Amino acid sequence: MSQSRLPDKGGRSSGVGRKGRLERFALLLVVGLLSIVVISVSVSKYLSALDENVRDYTRQGVSLSNANQQALLLEIYSTDYDDRLPPANTWMDATFDYGKSDLIYSDPNIEGIKKSQYGYAFFRPLSGLRTQSISDPAEMPLTFESKDLSRNANGLLDLLPYRLKKHKGNNVSFLDYHAAVMPEEWRFNVIVVDLREP
């Protein structure tokens, strides 16, 4: 059986039979599918980078919320204890009953954190002090993200972890019970004086 030739627009045979058209169609189909694969890979790379940014912002937001909740628990504690803050070496234990969860003491910005690790510290100079004795509570750090991952970690601002540029700084709660993201250089501007009561 001979292959029939289709006439082209001028009435002549095109010389392309059914088999040739199928081969062209298959070639165009393969090129089209490869284009779709290349576009899909490009889009997935873009989306995975976008997804990582969303996760970073979510972790940063949860960490800031944790710092804020810690400040509120410390406010409740101080109200119950004649306006005194807890001893620095037991601050998590002292406030746990008010929050009933260890999650607010666990910093989500620390990758690979274990269940027995935390990531926040209490500003040691405030240990056991009356909140009324502090002249500028809005500027006085209370809790902050910490390199010391132990429970009831406490110390000075040298415990603040170094953050990469994608993090705008470290989450810190203040004695007026607000929390904020503070830039790296902020720690050098905090002046610690002897806060002990006379």
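Note that the structure is a prediction, hence the values are computed from the model and not measured.

A few points about the packing of aromatic side chains
Tallied over the full model, the rule gives 4 aromatic pairs. Pairing Tyr 77 with Tyr 98 gives two aromatic rings, centres 6.5 Å apart and planes at 90 degrees, and the pair type is edge-to-face. Of this pair, Tyr 77 sits in helix H1 (residues 18–80) while Tyr 98 sits in helix H2 (residues 91–99), and the two are 21 residues apart along the sequence.

Regarding H2
Those residues of H2 that sit buried are Trp 91, Met 92 and Thr 95. End-on view of H2: buried residues confined to an arc of 85 degrees, all on one side of the axis. Of the residues trailing H2, Lys 100 is marked for its positive phi of about 60 degrees.

Observations concerning a nonpolar patch on the surface
A grouping of Phe 25, Leu 29, Leu 33 and Ile 36 is seen on the molecular surface, where their side chains present a nonpolar patch of about 420 Å² in accessible area. For Phe 25, the location among the structural elements is in helix H1. Here Phe 25 falls in the exposed class, since its relative accessible area comes to 55%.

Some points on unusual backbone geometry
Phi is positive for Asp 82, close to 55 degrees, though the residue is something other than glycine. Look at Lys 100: it is not a glycine, yet its phi comes out positive at around 60 degrees. The residue Lys 100 is located in the loop between H2 and strand S1 (120–123) in this model. Residue class for Lys 100 comes out exposed when judged on its relative accessible area of 59%.

Brief notes about the environment of Thr 58
Relative to the assigned elements, Thr 58 resides in helix H1. C-alpha of Thr 58 to C-alpha of Asn 109: the two residues are 51 residues apart in sequence and 9.4 Å apart in space.

Side note on the sheet that holds strand S2 (residues 141–145)
Strand order in the open sheet formed by 5 strands is S3-S1-S2-S4-S5, and the pairing between neighbours is mixed. Whereas interior strands pair on both sides, the edge strands pair on one side only; in this sheet they are strand S3 (154–155) and strand S5 (179–182). In this structure, strand S4 (residues 170–174) lies alongside S5, joined through 4 bridges in antiparallel fashion. Its bridge partner being in S5, Asn 170 is matched across the sheet by Met 182.

Examining the pairing of S2
With 5 of 5 residues buried, S2 lies mostly within the body of the structure. Sheet topology note: the S1/S2 ladder contains 3 bridges and is antiparallel. Each bridged residue has a counterpart across the sheet, and for Phe 122 the counterpart in S2 is Thr 143. Here S2 runs beside S4; their pairing, made up of 3 bridges, is antiparallel. Pairing of Pro 141 across the sheet is with Phe 174, part of S4.

Observations concerning the side chain of Asn 171
Along the chain, the position of Asn 171 falls in strand S4. Residue class for Asn 171 comes out buried when judged on its relative accessible area of 0%. At a separation of 3.5 Å, a polar atom in the side chain of Asn 171 contacts the side chain of Gln 60. When residues no more than four places from it in sequence are discounted, the contact partners of Asn 171 are Gln 60, Ser 63, Leu 64, Ala 67, Asn 109, Thr 143, Phe 144, Glu 145, Ala 180 and Val 181.

Brief notes about the pattern of salt bridges
The full count for this structure, using the stated rule, is 3 salt bridges. Between Asp 82 and Arg 130 there is a salt bridge, with the nearest N and O atoms lying 3.3 Å from each other. Note that Asp 82 is positioned in the loop between H1 and H2 and Arg 130 in the loop between S1 and S2, a separation of 48 residues in sequence. Accessibility expressed as a relative area gives 27% for Arg 130, which makes it partly exposed.

Quick notes on the rules
- Residues numbered from 1 in each chain as written.
- Predicted model: local features only at pLDDT ≥ 70, side-chain atom pairs only at ≥ 80, totals over all residues.
- Heavy atoms only, no water.
- Phe/Tyr/Trp six-rings, centres within 6.5 Å; stacked < 30°, edge-to-face > 60°.
- Helix = DSSP H or I, 4+ residues; strand = E, 2+ residues; numbered from the N terminus.
- Buried < 20%, exposed > 50% of the residue type's maximum accessible area, 1.4 Å probe, protein only.
- Arc of directions from axis to C-beta.
- Patch = residues over 30% accessible without salt bridge, like charges linked within 9 Å, V, L, I, M, F, W, Y side chains within 5 Å.
- Areas by Shrake-Rupley, 256 points an atom, 1.4 Å probe, with all protein chains shown as cover.
- Salt bridge = Lys/Arg side-chain N within 4 Å of Asp/Glu carboxyl O.
- Pairing = 2+ DSSP bridges.
- Polar contact = N/O pair within 3.5 Å; in protein donor to acceptor, adjacent residues only side chain to side chain.
- Contact = heavy atoms within 4.5 Å.

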